[in-house]
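# Observations on the model geometry
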Amino acid sequence: MYVAEDFTAAEADVLRRYFTNLNEPVFALVNLPEVVKGALFARYSRSNKSLRRLFLDEFVGELDVSGDLGVDATIGLRRAEELYDRVFFEYGDDSVAQLGGVHLACEQASNVLTKVLEWGRLMSYLEQSTRYVPYDARLGGRFRYYRDPDILRSGLGARYVADLDGMFDSYSAALPVLNEHFRRQFPKAAGDSDFVHRQAVRAKSFDAARGMLPAAALSNVGIYGSGQGYENLLLRMRAHALPEVRAYAGLMLVELRKVIPSFLKRLDTEDRGVAWSRYLRATGGAMQALAHELLGDSADGFEDTPAVRLVDFDPDAEVKLVSSALYSYADLPEDRLRARAEQMTAEERLRVLRTYAGERGNRRHKPGRALETPSYRFDVLCDYGAFRDLQRHRMLTIEWQRLTPNHGYSLPEAVRAAGIEDLFAETMASSAELHDALVPQHPEQAAYAVALAYRIRFAMQMNAREAMHLIELRSSTQGHPAYRYVAQEMHRLIETAAGHRAIAAMMSFADRSQEAELERLASERRAAERRRSAV
């Protein structure tokens, strides 16, 4: 299932001081400064290299590793853990498990698995970006997608490999055509270097072509979390219906036990972790059966459904927000503040909210927690590629439905303009046909065949403070057009459908402009300027 890396003896000698294994797709980082681990993960998201190779090629030369000559992280920790055992395991003090953290690299994970890995709120993630990494590069001589053992052993194994290879071939064929199309459409500006222009064009080409990749496409994810965060993640993964997720949980647990074994002992305790995973699995199965019984397999036509709908909000949210904003600066109880806010004129309430928002210099200047009083629930239907980016917002509640071809796909305008619409459509048809062939024998694994351009339905519930963060970040001109549209629609609906114009106005860095020319051009220019300043 996984491709092992090859290292020279000298490279292995260096790596074993800092990584808990040298040949598995999951490993922990140890004995490195926190800033180095953070920088590694940041670079990781924009590179097609594995983390260990990235460390050797770009980081180890800048570090003094002489003090770690006698360290061998691959054999795990040997020190005694009596204190943790007594406080955490025997007395069940969960707060102790929040104080020990691990940087874990999760490589060669399908794009279905990555969404499971990134579900928890109290962890940090960096995922390999489809706009910086070309997926036509091979791994171990093979295209980079997950080869499910059950499918490969079945009568559909040969077709699965052939059809997914075909999708990657189509993606590979589309990239040079899109590159040439965008080079003609957006000539290099006089002040830009060839490198800056080339990087911006490449990113736009990757954005347009990524929908042709299957959800089985492999990605790398860097995770930082506490022992408690990992415990909760592994409990859910062990109960998951997809075999890849359950198997990957085993790989993660082996590595985590090398660095925080005490925090994970409850996972295998019958009345703790085992019972919890059993409960999650039983509840999920019962809900799936009940939903089928009550709702059947019918679904309304996606063509009649807006891409973004505001399905729930509080009509009195702005009045409540005014009282919440004043609460910390007053001596009145909540109910009397609410009554005073209701008696204010519209202009007075607007003054309160404008003052509370203050003079925001950039989108990182955010008002306080009073903005968490209003909340919104959106029903979204967009392509899986955009969902991958939106799903990583942790401070909200997100629920998504099964990934299938049933809701149709999004066709980028650039694909049509570049003259490869037929190639795109053929790839979508192949994806849907393989999915449908897999469903009878492999209903969970069938999602691997679904191209990222196919739409998925999901609900996002968030308070206004998180909405401000999501909308201002995801509507910026350097964002992907697919999720820019979702963020822009959310902002419009808060303003018009909910009628919360004052709250929408507080989101002053929301960008409702049309598609940018080269989304990453401004960012690449800033990066080039930083490189020049550093010389």
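Note on numbering: residues in each chain are counted from 1, in written sequence order. Only residues with pLDDT of at least 70 are given local features in this predicted model, and only at 80 or more are side-chain atom pairs given and counted; all residues enter the totals for whole chains, interfaces and linings. Here the side-chain values reflect all heavy atoms present in the structure, with hydrogen atoms and water set aside.

## A short note on the sheet that holds strand β4 (residues 218-226)
By the convention used here, strands pair only if DSSP detects at least 2 bridges between them. Only runs of H or I of at least four residues qualify as helices and only runs of E of at least two qualify as strands under DSSP, and these elements are numbered from the N terminus. Reading across the sheet, the four strands line up as β1-β2-β4-β3 and stay open at both edges, with antiparallel pairing between neighbours. The strands lining the two open edges of the sheet, one partner per strand, are β1 (26-29) and β3 (123-127). Across this sheet, the average inter-strand angle for adjacent strands is 20°, counted without regard to direction. Note: β1 against strand β2 (residues 101-110), four bridges, orientation antiparallel. Residue pairing in the sheet places V26 in a bridge with C106 of β2. Its contacts with the sheet place helix α9 (residues 227-238) against β2, β3 and β4, and it is angled at close to 130° to β4. To obtain an axis, a line is fitted to C-alpha atoms, over the contacting stretch when the element is a helix, and the angle between two such axes runs from 0 to 180 degrees between their N-to-C directions. Any pair of residues with heavy atoms lying within 4.5 Å of one another is described as a contacting pair.

## Considering the nonpolar core
Among the buried residues, those of types Ala, Val, Leu, Ile, Met, Phe, Trp, Tyr and Cys that are joined through side-chain atoms within 4.5 Å form a nonpolar core. Exposure categories follow from relative accessible area, calculated using a 1.4 Å probe and restricted to protein chains: below 20% of the type maximum is buried, above 50% is exposed, and the middle band is partly exposed. Of all hydrophobic cores here, the largest spans 129 residues; its most connected members are Y230, M237, M252, F378 and M490. Of the residues forming this core, the biggest block, nine residues, is contributed by helix α7 (residues 157-185). When residues no more than four places from it in sequence are discounted, the contact partners of M237 are L113, V116, L117, V245, R246, Y248, A249 and M252. Ranked by size, the runner-up nonpolar core spans 22 residues in total, among them F7, A12, L15 and V60.

## What about the packing of helix α12 (residues 317-327) against helix α14 (residues 346-357)?
At a minimum axis separation of 10 Å, α12 and α14 run at an interaxial angle of 55°. Classified by the angle between their axes, α12 and α14 sit oblique to one another. The interaxial crossing formed by α12 with α14 has left-handed handedness. Contacts between α12 and α14 pair V319, L321, V322, A325 and L326 from the former with R349, V352, L353 and Y356 from the latter. For the contact of α12 with α14, the per-class residue count stands at eight nonpolar, no polar and one charged. The cut-offs work like this: below 35 degrees is roughly parallel, past 145 is roughly antiparallel, 65 to 115 is roughly perpendicular, and the gaps in between are oblique. Handedness of each helix crossing follows the sense of rotation of the near helix against the far helix: counterclockwise by less than a right angle gives left-handed, clockwise gives right-handed. Each residue gets one of three labels, nonpolar for Ala, Val, Leu, Ile, Met, Phe, Trp, Tyr, Cys and Pro, charged for Asp, Glu, Lys and Arg, and polar for the others, Gly among them.

## Observations regarding the sheet that holds strand β7 (residues 397-400)
The strand order across the open sheet formed by four strands is β5-β6-β8-β7, and the pairing between neighbours is antiparallel. Only two strands of the sheet have a single partner each, and these edge strands are β5 (308-313) and β7. Shown here is a sheet whose adjacent strand axes are inclined to one another by a mean of 20°, direction ignored. In the packing of helix α18 (residues 464-474) onto the sheet, the strands contacted are β6 (375-383) and β8 (455-463), and the crossing angle to β8 comes to about 130°.

## A closer look at unusual backbone geometry
In this model, N31 sits at a positive phi of 60°, which is unusual for a non-glycine residue. Note that N31 resides in the loop between β1 and α2 (34-44). The class of N31 is partly exposed, set by a relative accessible area of 41%. Positioned with a positive phi, Q108 is a non-glycine residue whose angle comes to about 55°. Tracing the backbone shows Q108 in strand β2. Under the relative-accessibility criterion, Q108 is labelled buried at 8%.

## A look at helix α19 (residues 481-495)
A helix is expected to reach a length of 1.5 Å times the quantity of its residues less one. The end-to-end C-alpha separation of α19 is 21 Å, in line with the 21 Å expected for 15 residues at 1.5 Å each. A large share of α19 lies buried, amounting to eleven of its 15 residues. Buried within α19 we find A482, Y483, R484, V486, A487, Q488, E489, M490, H491, L493 and I494. Those residues of α19 that are buried are in contact with β5, β6, α15 (384-390), β8, α18 and α20 (501-506).

## Let's talk about the packing of α2 against helix α3 (residues 51-59)
Where α2 meets α3, the axes come as close as 10 Å, and the angle between the chain directions of the two elements is 110°. As summarised for this structure, α2 and α3 are arranged roughly perpendicular, according to the angle between their axes. Contacts between α2 and α3 involve V36, A39, L40, F41, R43 and Y44 on the former and, on the latter, L51, L54, F55, E58 and F59. Looking at the contact of α2 with α3 residue by residue, the class counts come to nine nonpolar, no polar and two charged.

Shape is all these values report; function is a separate question.
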